[in-house]
Amino acid sequence: MKNMGSYMNAINDHFLDYYMRHHKVIGWFNGCPVYSAFLTPGLSKPLANTMSRRLISNILQESLPGMVNVGVTDACNAKCEHCSFYNNAMCKPEKNSITTEEMKTILKDCQDFGISVINFVGGEPLLNKDLPELISSVNKDKSVASVYTNGWHLEKKARELKDAGTMMVIASLDSTDPKIHDKFRRLPGLFDKAIKGIKESQRVGLLTGISTTLVQEDLENGNFEKMIEFTKKMKVNELIVYDTMPVGMYSHREDLKKKRIDFRKLFKIVDKYAKKKDYPGIFCYAHFRSHMAFGCTSGKGYFYVTPYGEMCPCDFKATRIGNLLETPLPILWKKLSHARKNIGSGYMNTCCDHEVNN
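Undergrad: Hey, could you go over the overall build of the protein chain for me, with residue numbers and the actual values?
TA: A tally of regular secondary structure across the protein chain gives 13 helices and 12 strands. Split into buried and exposed, the 358 residues of the protein chain put 57% on the buried side. Across the protein chain, the fraction of contacts at a sequence separation of at least 24, relative to all contacts at a separation of at least 6, is 71%. Surface exposure of the protein chain reaches about 16100 Å², of which carbon and sulfur atoms provide 53%.

As structure tokens, then:
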């Protein structure tokens, strides 16, 4: 039995290293170990749901989704320079967002289809007054729920999110310098609001994360490592790192297509800190979407729901698959997943057009 335990621990560690370049526990949720906001906690009922769905996927030889990002509002109080939602076909200000009851229907459909990780996004999700109600409607035996926010309203909403059963809140910070961050997000005072929100979230018992976006200069001038040190100081559980992509408000940025980030250098810095026990876990999106891990998971294990009830391949790709209130989720998923097998199709996003090599 001792050998069996060591064997199972080795499988767990190898999978996590492959998935996100570390295997440390970053926190605890309902008595279960958490490794990332992107994963169900270890030894939890949602993990059992995940594993059951993977077994069915293998039997059917068909891709099935395990995670969904749900846009609960198209409203936002910031005007972020790099926003992937605005200036994108998935943003339709002429349309009304779906109702709370309609969104609950979609959430239930997602859970009935086996999805075990549900992320609430926007716009700015905390501007939806019914967000706690939506989170409460999620069956916590099947799925975990997390919230991605700019942090402006987080301090006053943290207790409601905790009471609703939220696992983690992730606030966006793109610089450790408040002036630079607020200028980039075009909302004075946002940095300080986000910090207060993170601290209040920790006080009420929520797991916390910081999401940041990088360009090549951040690797060269030390800004990325400053952010890592800052997350350690803040005692957040996870740092989620995105490399800046030419989508949304940055669709015109030809320089981002031509001068791609040095992934070798990025991964070297990530590896320097990610496995240290006294630092937060680091989830590096560039690694996750690379062919060292899973590649682009849109249409393979993930999709995005707009505030209007429409399925899209991901947050960054505006191609409309169909409306989930009009067409059953399994049918739309089959349409997306089958089209996704053709890597040259319109369902692929710019960020996935090039392999990330280590």
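Undergrad: Break down unusual backbone geometry for me, with residues and values.
TA: Excluding glycine, most residues fall at negative phi; most peptide bonds, likewise, are trans. Of note, the amide linkage connecting Gly122 to Gly123 takes the cis form, showing an omega dihedral of 5°. Position of Gly123 relative to the elements: it lies in the loop between strand E4 (117-121) and helix H4 (131-136). Positive phi, normally seen in glycine, also occurs at Asn30, with a value near 55°. As for its placement among the helices and strands, Asn30 is situated in the loop between strand E1 (27-29) and strand E2 (32-34). One non-glycine residue with positive phi stands out, namely Lys235, at about 60°.

Undergrad: Provide a residue-level description of the pairing of E4, including the pertinent values.
TA: Burial analysis of E4 places 5 of its 5 residues in the buried class, the great majority of the element. Burial of E4 is two-sided: the residues Val117, Asn119 and Val121 facing one way and the residues Ile118 and Phe120 facing the other way are all buried. Note that E4 and strand E5 (residues 144-149) share 4 bridges and pair parallel. Note that in E5 the partner of Ile118 across the bridge is Ala145. Read from E4 through H4 to E5, the crossover connection turns out right-handed.

Undergrad: Break down the packing of aromatic side chains for me, citing the residues and quoting the values.
TA: Per the counting criterion, the structure on display carries 6 aromatic pairs. Between the aromatic rings of Phe38 and Phe283, the centroid separation amounts to 3.9 Å while the plane-to-plane angle is 10°, which identifies the pairing as stacked. Linking Phe38 in the loop between E2 and helix H2 (45-60) with Phe283 in strand E9 (residues 281-284), this pair joins segments that are 245 residues apart in sequence. Here Phe38 and Phe283 have matching classes, each one buried.

Undergrad: How would you sum up the side chain of Gln111? Please name residues and give values.
TA: Tracing the backbone through its elements, the reader meets Gln111 in helix H3 (residues 100-112). Excluding residues that lie within four positions of it along the chain, Gln111 makes contacts with Ile118, Ser137, Val138, Asn139, Lys142 and Ser143.

Undergrad: Break down helix H6 (residues 178-185) for me, with residues and values.
TA: Helical geometry: 3.6 residues make up each α-helical turn, so side chains three or four residues apart lie on a common side. For H6, the set of buried residues is His181, Asp182, Phe184 and Arg185. The arc that holds the buried residues of H6, viewed along the axis, is 160°, so those residues lie on one side. Away from the buried face of H6 by more than 90 degrees, exposed residues Lys179 and Lys183 are located. Those residues of H6 that are buried are in contact with strand E6 (168-172) and helix H7 (190-204). Near the N-terminus of H6, the side chain that reaches the backbone nitrogen of Lys179, with its oxygen 2.9 Å away, is that of Asp177. Of the residues trailing H6, Arg186 is marked for its positive phi of about 55°.

Undergrad: Residues and numbers for a nonpolar patch on the surface, please.
TA: On the surface, Leu55, Ile56, Ile59 and Leu60 cluster together into a nonpolar patch covering about 400 Å² of accessible area. Residue placement: Ile59 occurs in helix H2. Taking the relative accessible area as the measure of exposure, Ile59 reaches 63% and is therefore exposed.

Undergrad: Which residues make up the environment of Gly151, and what are the values?
TA: Tracing the sequence through the fold places Gly151 in the loop between E5 and helix H5 (154-164). Classification of Gly151 by relative accessible area gives buried; the value is 0%. As a C-alpha pair, Gly151 and Asp192 span 41 residues in sequence and 9.0 Å in three-dimensional space. Apart from the residues within four sequence positions on either side, Gly151 is in contact with Glu124, Lys193 and Ala194.

Undergrad: Break down the packing of helix H9 (residues 223-234) against helix H11 (residues 263-274) for me, citing the residues and quoting the values.
TA: The interhelical angle for the contact between H9 and H11, taken along N-to-C directions, is 25°, at an axis separation of 11 Å. Classified by the angle between their axes, H9 and H11 sit roughly parallel to one another. Like other packed secondary-structure pairs, H9 and H11 cross with a definite hand, here right-handed. Each of Phe224, Glu225, Ile228 and Glu229 in H9 lies in contact with H11, whose residues at this interface are Leu266, Ile269, Val270, Lys272 and Tyr273. Its residues assigned to classes, the contact of H9 with H11 comprises 6 nonpolar, no polar and 3 charged.

Undergrad: Which residues make up the sheet that holds strand E11 (residues 310-312), and what are the values?
TA: With mixed pairing, the 10 strands of this open sheet are ordered in space as E9-E8-E7-E6-E5-E4-E3-E10-E11-E12. Looking along the sheet, the strands with just one partner apiece sit at the ends: E9 and strand E12 (322-323).

Cut-offs and rules
Residues numbered from 1 in each chain as written. Predicted model: local features only at pLDDT ≥ 70, side-chain atom pairs only at ≥ 80, totals over all residues. Heavy atoms only, no water. Helix = DSSP H or I, 4+ residues; strand = E, 2+ residues; numbered from the N terminus. Buried < 20%, exposed > 50% of the residue type's maximum accessible area, 1.4 Å probe, protein only. Contact = heavy atoms within 4.5 Å. Areas by Shrake-Rupley, 256 points an atom, 1.4 Å probe, with all protein chains shown as cover. Pairing = 2+ DSSP bridges. Right-handed = clockwise from strand over helix to strand, strands pointing away. Phe/Tyr/Trp six-rings, centres within 6.5 Å; stacked < 30°, edge-to-face > 60°. Arc of directions from axis to C-beta. Polar contact = N/O pair within 3.5 Å; in protein donor to acceptor, adjacent residues only side chain to side chain. Patch = residues over 30% accessible without salt bridge, like charges linked within 9 Å, V, L, I, M, F, W, Y side chains within 5 Å. Salt bridge = Lys/Arg side-chain N within 4 Å of Asp/Glu carboxyl O. Axes fitted to C-alpha atoms, helices over the stretch in contact; angles between N-to-C directions. Parallel < 35°, antiparallel > 145°, perpendicular 65-115°, else oblique. Left-handed = near helix turned anticlockwise from the far one by under 90°. Nonpolar A, V, L, I, M, F, W, Y, C, P; charged D, E, K, R; others polar.

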